[in-house]
Amino acid sequence: MCIRDSLGVLQCAEAVRSYAAAHGGQLPENLSDITGVSLPADAMSGKPYVYRKTGATAAVLESAAPDGEEKAQIRYFISVRK
């Protein structure tokens, strides 16, 4: 894993946190709902990071797995407390 991968996924996690703070604790449905900031692409795939809500106040953000591997390289579990 390179530092660029770690920084990119942290930038996305921070954008999700900022979105929730500005929207009464509500997480975005998709990363594309986040506007006003430029989200980096996943350095492993060149595509957006994988983001999915897993509940009203929970989501998962992850980077692509390296070729030939099944596990995500980086995975963050996000939860919002109201």
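Here's what I pulled together on the structure shown here. The model shown is predicted, which means the values in this text are computed figures rather than measured ones.

Scoring rules and cut-offs
Residues numbered from 1 in each chain as written. Predicted model: local features only at pLDDT ≥ 70, side-chain atom pairs only at ≥ 80, totals over all residues. Heavy atoms only, no water. Helix = DSSP H or I, 4+ residues; strand = E, 2+ residues; numbered from the N terminus. Buried < 20%, exposed > 50% of the residue type's maximum accessible area, 1.4 Å probe, protein only. Contact = heavy atoms within 4.5 Å. Salt bridge = Lys/Arg side-chain N within 4 Å of Asp/Glu carboxyl O.

**Some words on the environment of Thr 57**
Along the chain, Thr 57 falls in the loop between strand 1 (50-55) and strand 2 (58-62). Judged by its relative accessible area of 30%, Thr 57 falls in the partly exposed class. A C-alpha to C-alpha distance of 8.7 Å links Thr 57 and Lys 82, two positions 25 residues apart in sequence. Not counting residues within four places of it along the chain, the set of residues in contact with Thr 57 comprises Leu 27, Ile 78, Ser 79, Val 80 and Lys 82.

**Details of the pattern of salt bridges**
This structure, assessed with the given rule, holds 4 salt bridges. Among the salt bridges present, the one from Glu 62 reaches Arg 75, with a minimum N-O distance of 2.5 Å. Placement of the pair is Glu 62 in strand 2 and Arg 75 in strand 3 (residues 75-79), with a sequence separation of 13 residues. Judged by its relative accessible area of 43%, Arg 75 is partly exposed. Here the salt bridges share partners, and the residues they tie into one network are Arg 52, Glu 62 and Arg 75.

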